[in-house]
Amino acid sequence: MANTKILANYHTHTTFCDGANTAEEMVKRAIELSFTTLGFSSHMDPGEDVCIKDYDAYLKECYRLQEAYKDRLEILVGVELDNMMPKEAAEGTEYYIGSTHYFNIPGDELYAVDMSPDSFRKTCEDHFGGDFYKLAKNYYEFEAQVVDRLNPTFIGHFDLVTRFNDLYPMFDTTDARYRKPALEALEHLCKYGIPFEINSGAINRKRKNDFYPESFLLKALHDFGGEIIINSDAHGTEQLNGCFDEAVERAIVCGFTHTNILTKEGTGKVHFKQIALK
């Protein structure tokens, strides 16, 4: 069992988007868990189902909580910004995640990678002739642009395109047709020095058997000189620190000796701080 304890989470959803709990309920749970830092990251994307409905109210409440609990918990105000959005959409935040939830397909309709297995299959049939490897290549070509488009604080769930693949197999992630574009995108993004999150959300919710990014990508991330940050992608209080110990162990197995945390400690501005993995 790893000795390093992660006492922070920066990928946190609330009732302002598709989370089950209010922002204050998440704060109180973080304090119960002895967290040092909690970062809010409600969805900011082109879809209507999960996007923040009232952005001004969201910012107002997050900053209210930041002040109200400042003596008990460091609270950071962010969003999860989709690759299809302009980076200006994150104005007013202290950090933001760069995530790819939607396909880069021309046209007026949105095509999400994580809506449902049926919609995913239909998108593949309608736009890629039923070839899931072509679909994955399209996804990773767009994912490779996330830093140039958004300049995010860190990169969210890199291989979200595998969202349904454990329960509804559609392609083989050991196949070169999948691995080649995935590894090319990963290597390209590593050049920017921006951390990738190890995201435990799908394991927490029993949707997948591995983290984002899955093990072969996480090992490659280490070999490419990439950085990591560990998050739970919590949509409820019970998920806030889910599988953190396992994520630390996986990072160590893949060669990482440290992870990153976000804090304003010492400078008053959000910055990364490294903590050893052991």
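Throughout, a residue's number is its position along its own chain's written sequence, starting from 1. Side-chain atom pairs in this predicted model are given and counted only at pLDDT of 80 or more, local residue features only at pLDDT of at least 70, and totals for whole chains, interfaces and linings cover all residues. Each side-chain value is worked out from all heavy atoms of the structure, with water and hydrogens disregarded.

Colleague: Run through helix H8 (residues 215-223), naming residues and quoting values.
Modeller: Since the α-helix advances by 3.6 residues per turn, residues separated by three or four positions end up pointing in the same direction. The buried label goes to any residue with under 20% of its type's maximum accessible area, the exposed label to any with over 50%, and the partly exposed label to all in between, with areas taken from a 1.4 Å probe on protein chains only. The secondary structure listing takes helices from DSSP runs of H or I that are at least 4 residues long and strands from runs of E that are at least 2 residues long, numbered from the N terminus. Within H8 the residues assigned to the buried category are Phe216, Leu217, Leu218, Ala220 and Leu221. Note on H8: the residue one or two positions beyond its end, Gly225, has a positive phi of about 85°.

Colleague: Please set out the environment of Arg207 residue by residue, giving values where relevant.
Modeller: Structurally, the position occupied by Arg207 is in the loop between helix H7 (201-204) and H8. When the C-alpha positions of Arg207 and Arg163 are compared, they lie 7.6 Å apart, and in sequence the two are 44 residues distant. For this analysis, residues touch if any pair of their heavy atoms sits within 4.5 Å. Aside from chain neighbours lying at most four places away, what touches Arg207 is Arg163, Asp166, Leu167 and Ala202.

Colleague: Summarise the packing of aromatic side chains; cite the residues concerned and give the values.
Modeller: Note on aromatic pairs: the rings of Phe, Tyr and Trp (six-membered ring only in Trp) are paired at centre separations within 6.5 Å, and the planes decide the class, stacked below 30 degrees, edge-to-face beyond 60, tilted for the rest. Scanning all chains against the criterion turns up 16 aromatic pairs. Ring centres 5.8 Å apart and planes at 70° place the aromatic pair Phe158 and Phe196 in the edge-to-face group. Remark: Phe196 occurs in strand S6 (residues 196-199) and Phe158 occurs in the loop between strand S5 (154-155) and helix H6 (176-190); sequence separation between them is 38 residues. Here the two residues Phe158 and Phe196 agree in accessibility, since each one is buried. Its end group placed over the ring of Tyr133, Arg177 keeps NZ or CZ at 3.9 Å from the ring centre. Cation placement over rings: the criterion is NZ of Lys or CZ of Arg within 6 Å of the ring centroid and within 35° of the ring normal. Sitting above the plane of the Phe216 ring, Arg179 keeps its charged end 3.6 Å from the centroid.

Colleague: Describe in detail unusual backbone geometry, supporting the description with residues and values.
Modeller: Residue Tyr212 is joined to Pro213 through a cis peptide bond whose omega torsion reads -15°. For Pro213, the location among the structural elements is in the loop between H7 and H8. With a phi close to 50°, Asn151 is a non-glycine residue in the positive phi region. Residue placement: Asn151 occurs in the loop between helix H5 (146-150) and S5. Looking at Asn151, the relative accessible area reads 47%, which means it is partly exposed.

Colleague: Give a detailed account of the packing of helix H3 (residues 117-128) against helix H4 (residues 132-143), specifying residues and quantitative values.
Modeller: Note on geometry: axes are lines fitted to C-alpha atoms, helical ones only across the stretch in contact, with angles between N-to-C directions running from 0 to 180 degrees. Two elements in contact, H3 and H4, have axes separated by 9 Å at closest approach and are oriented at 95°. By the angle between their axes, H3 is roughly perpendicular relative to H4. For the pair formed by H3 and H4, the contact residues are Phe120, Arg121, Cys124 and Phe128 on the first element and Phe132, Lys134, Leu135 and Asn138 on the second. Looking at the contact of H3 with H4 residue by residue, the class counts come to five nonpolar, one polar and two charged. By definition in this entry, angles of less than 35 degrees are roughly parallel, angles greater than 145 are roughly antiparallel, angles of 65 to 115 are roughly perpendicular, and the rest are oblique. Note on residue categories: nonpolar means Ala, Val, Leu, Ile, Met, Phe, Trp, Tyr, Cys or Pro, charged means Asp, Glu, Lys or Arg, and polar means any other residue, Gly included.

Colleague: Describe the side chain of Asn138, listing the residues and the values that go with them.
Modeller: Following the sequence through the fold, Asn138 ends up in helix H4. The exposure class assigned to Asn138 is buried, which follows from its relative accessible area of 17%.

Colleague: Pulling in residues and values, what's your account of the nonpolar core?
Modeller: Only buried Ala, Val, Leu, Ile, Met, Phe, Trp, Tyr and Cys residues count toward a nonpolar core, and they belong to the same one when joined by side-chain atoms within 4.5 Å. Core analysis: the largest hydrophobic core is formed by 90 residues, its most contacted members being Phe40, Phe120 and Tyr178. Look past the residues within four positions of Tyr178 in its chain and what remains in contact with it is Tyr133, Ala136, Tyr140, Asp159, Val161, Thr162, Phe171, Asp172, Thr173, Glu214, Phe216 and Leu217.

Colleague: Talk me through the packing of H4 against H6; I want residue IDs and the actual numbers.
Modeller: Where H4 contacts H6, the two axes come as close as 9 Å, and the packing angle between them is 0°. The pairing of H4 with H6 is recorded here as roughly parallel in orientation. Taken together, the residues of H6 that come into contact with H4 (itself represented by Tyr133, Ala136, Lys137, Tyr140 and Glu143) are Arg177, Tyr178, Pro181, Ala182, Ala185 and Leu189.

Colleague: I'd love a proper account of the pattern of salt bridges, names of residues and values included.
Modeller: Any Lys or Arg side-chain nitrogen located within 4 Å of an Asp or Glu carboxyl oxygen qualifies as a salt bridge. Enumeration according to the criterion identifies 15 salt bridges in this entry. Notably, a salt bridge pairs Glu141 with Lys137, separated by 2.5 Å at the nearest N-O pair. Taken as a pair, Glu141 and Lys137 lie in helix H4 at a separation of four residues, close to a single helical turn. For Glu141, a relative accessible area of 42% corresponds to the partly exposed category. Residues joined in a network through salt bridges with shared partners are Glu24, Glu61 and Arg64.

Geometric descriptors of this kind do not, in isolation, establish any biological role.
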